[in-house]
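# A look at the structure
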Amino acid sequence: KIGGRDRVSYHYHQANPADLGCVEIRWRRSGHVGVLKTKALVNPHRSSDNARCSLSIVEAPDKVLIERVFHVTVEIESKSTRHLHLRLSIPSHKHLSIVPAGVSNYSCGVLKMNEKRRVKVALLPLALGIQKISGFKLRCPEIGFTADFDDLHQCCVMKTSTV
């Protein structure tokens, strides 16, 4: 009895590393509805804090023709202490002047620390002039890691074949 009120409390917490948090149920009086309290649930095994990657274009033309598919080679490097199963995607947005041609989602496989992987990507230019290659996204769904990469390369999109 605390301050004239009966309080019953049940606290559950198990010191197991696989646990996500704890649950506490409180009743003000017997027969009343219990109040369930929890702390924020955090799974340390799914944390993407130490997931780091870099993405760069290692092969790309400086000049391309409008509405003609061209290829670039991107290099992905894992700088993470854990193994990452990475996926590379290039979402097609209305504001992009260079969009993916065909496949826009690639599996990069599992990368270990300091491991590099190269992926050849087909792109299609839709506007003339100097255009930026942007909008690449790396994801590791298993740990919730996502990174966006913009302004990776510039190329001149031309109308005639003076490439």
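Above this note sits the structure.
### Things to note about the pattern of salt bridges
Per the stated rule, a full pass over the model turns up five salt bridges. With a closest N to O distance of 3.8 Å, R118 and E59 form a salt bridge. Placement of R118 in strand 10 (residues 116-125) and of E59 in strand 4 (residues 53-59) is noted, with a sequence separation of 59 residues between them. Measuring nitrogen to oxygen at the nearest pair gives 3.1 Å for the salt bridge that ties D148 to K137. Within this pair, whereas D148 is found in strand 13 (residues 145-149), its partner K137 is found in strand 12 (residues 136-140), the two being separated by eleven residues in sequence. Relative accessible area serves as the criterion here: at 22%, K137 is assigned to the partly exposed category. A network of salt bridges, in which partner residues are shared, links E59, E75 and R118.

### A word on the sheet that holds strand 14 (residues 153-158)
Spatially, 5-14-11 is the arrangement adopted by the three strands of the open sheet, whose pairing is mixed. The sheet is open, and its two borders are formed by strand 5 (63-65) and strand 11 (129-133), each paired with just one other strand. Sheet twist, expressed as the average angle between the axes of neighbouring strands with direction ignored, equals 40 degrees. Pairing between strand 11 and strand 14: five bridges, direction antiparallel. Along strand 14, the bridge assignment pairs I130 with C156.

### Structural notes on the environment of S92
Here S92 is to be found in the loop between strand 7 (84-89) and strand 8 (98-100). On the accessibility criterion, S92 (55% relative accessible area) is exposed. Excluding residues within four positions of it along the chain, S92 makes contact with V99 and P100.

### Remarks on the environment of Y106
Secondary-structure assignment places Y106 in strand 9 (residues 105-111). Expressed as a C-alpha distance, the spacing of Y106 and K120, which sit 14 residues apart in the sequence, is 9.6 Å. Among all residues touching Y106, those that are not within four sequence positions of it are L86, R87, L88, I90, V119, K120, V121 and A122. In this structure the side chain of Y106 is engaged in a polar contact, spanning 3.0 Å, whose partner is the backbone oxygen of V103.

Analysis parameters
Residues numbered from 1 in each chain as written. Predicted model: local features only at pLDDT ≥ 70, side-chain atom pairs only at ≥ 80, totals over all residues. Heavy atoms only, no water. Salt bridge = Lys/Arg side-chain N within 4 Å of Asp/Glu carboxyl O. Helix = DSSP H or I, 4+ residues; strand = E, 2+ residues; numbered from the N terminus. Buried < 20%, exposed > 50% of the residue type's maximum accessible area, 1.4 Å probe, protein only. Pairing = 2+ DSSP bridges. Axes fitted to C-alpha atoms, helices over the stretch in contact; angles between N-to-C directions. Contact = heavy atoms within 4.5 Å. Polar contact = N/O pair within 3.5 Å; in protein donor to acceptor, adjacent residues only side chain to side chain.

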